[in-house]
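Structural characterization, general
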Amino acid sequence: LERTIQITGGSAVVHNNMGALLTEAGRHTDAMKHFEKALQLDPEYDDAHYNKNRTILLKKNYKEVIACYEEAVISQPDQAVAYNNLAWVLAETAD
């Protein structure tokens, strides 16, 4: 994937996949760069939103992930998964 990105600049799919691999390797900061690039290339790419938010959750940055899910439900109101995930994070972090 790195070579593909070097040669082509990468597509949203390639950057998302690279981010997912980096997340699995525990390289969350590097992964976030790829998810951001994927979303820059295709702001409505659901998988990149999901993977970005999953990575933020793994970092236990709940305020940031809540903000991301709130943005997702505004920009993609037909995506039930975003509403579900927002509700789950809010329930898990409720005092």
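The sections below set out a description of the structure shown in this document.

About the thresholds
- Residues numbered from 1 in each chain as written.
- Predicted model: local features only at pLDDT ≥ 70, side-chain atom pairs only at ≥ 80, totals over all residues.
- Heavy atoms only, no water.
- Buried < 20%, exposed > 50% of the residue type's maximum accessible area, 1.4 Å probe, protein only.
- Salt bridge = Lys/Arg side-chain N within 4 Å of Asp/Glu carboxyl O.
- Helix = DSSP H or I, 4+ residues; strand = E, 2+ residues; numbered from the N terminus.
- Patch = residues over 30% accessible without salt bridge, like charges linked within 9 Å, V, L, I, M, F, W, Y side chains within 5 Å.
- Areas by Shrake-Rupley, 256 points an atom, 1.4 Å probe, with all protein chains shown as cover.
- Lys, Arg positive; Asp, Glu negative; His and termini not counted.
- Charge placed at Lys NZ, Arg CZ, Asp CG, Glu CD.
- 1 Å grid on protein atoms, 1.4 Å probe; cavity = no way out; pocket = protein on both sides within 12 Å on 5 of 7 lines; lining within 4 Å.
- Points joined across faces, edges and corners; volume = space filled by probe spheres on them.
- Nonpolar A, V, L, I, M, F, W, Y, C, P; charged D, E, K, R; others polar.
- Core = buried A, V, L, I, M, F, W, Y, C linked by side-chain atoms within 4.5 Å.
- Contact = heavy atoms within 4.5 Å.

Moving on: unusual backbone geometry. The phi angle at Lys-60 is positive, at roughly 60°, despite the residue not being glycine. When its relative accessible area of 59% is taken as the criterion, Lys-60 is described as exposed.

Here the focus is the pattern of salt bridges. What the rule picks out here adds up to three salt bridges. Between Glu-24 and Arg-54 there is a salt bridge whose closest N-O contact spans 2.8 Å. Residue Glu-24 is found in helix α2 (residues 12–24), and its partner Arg-54 is found in helix α4 (residues 46–58); the two are separated by 30 residues along the sequence. On the basis of relative accessibility, which here comes to 57%, the residue Glu-24 falls in the exposed class. Exposure remark for Arg-54: the relative accessible area of 29% places this residue in the partly exposed category. Glu-36 is the salt-bridge partner of Lys-52, the closest N and O atoms lying 2.8 Å from each other. Here the residue Lys-52 occupies a position in helix α4, and Glu-36 occupies one in helix α3 (residues 28–41), the gap between them amounting to 16 residues. For Lys-52, a relative accessible area of 12% gives the class buried.

To continue, consider a negative patch on the surface. A cluster of like negative charges, contributed by Asp-42, Glu-44, Asp-46, Asp-47 and Asp-78, occupies part of the molecular surface. Tracing the backbone through its elements, the reader meets Asp-42 in the loop between α3 and α4.

As a further point, take empty space enclosed by the protein. If you walk through the whole model with that rule in mind, you get one cavity of 30 Å³ or more. By volume, the largest cavity amounts to about 50 Å³. If you trace the largest cavity, you find it lined by His-49, Lys-52, Asn-53, Cys-68, Glu-71 and Ala-72. Broken down by secondary-structure element, the contributors of at least two residues to the lining of the largest cavity are α4 and α5 (62–75). Among the residues forming the lining of the largest cavity, the class breakdown is two nonpolar, two polar and two charged.

With that settled, the discussion passes to the nonpolar core. Across soluble globular proteins, you tend to see nonpolar side chains buried next to one another. Core analysis: the largest hydrophobic core is formed by 17 residues, its most contacted members being Ile-56, Val-65, Ile-66, Tyr-69, Leu-86 and Val-89. The set of elements that each furnish at least two residues to this core consists of α2, α3, α5 and α6 (80–93). Here this core gets six residues from one element, more than from any other, and that element is α5. With residues up to four places along the chain from it excluded, the contact list for Val-89 reads Leu-57, Tyr-62, Val-65, Ile-66 and Tyr-69.

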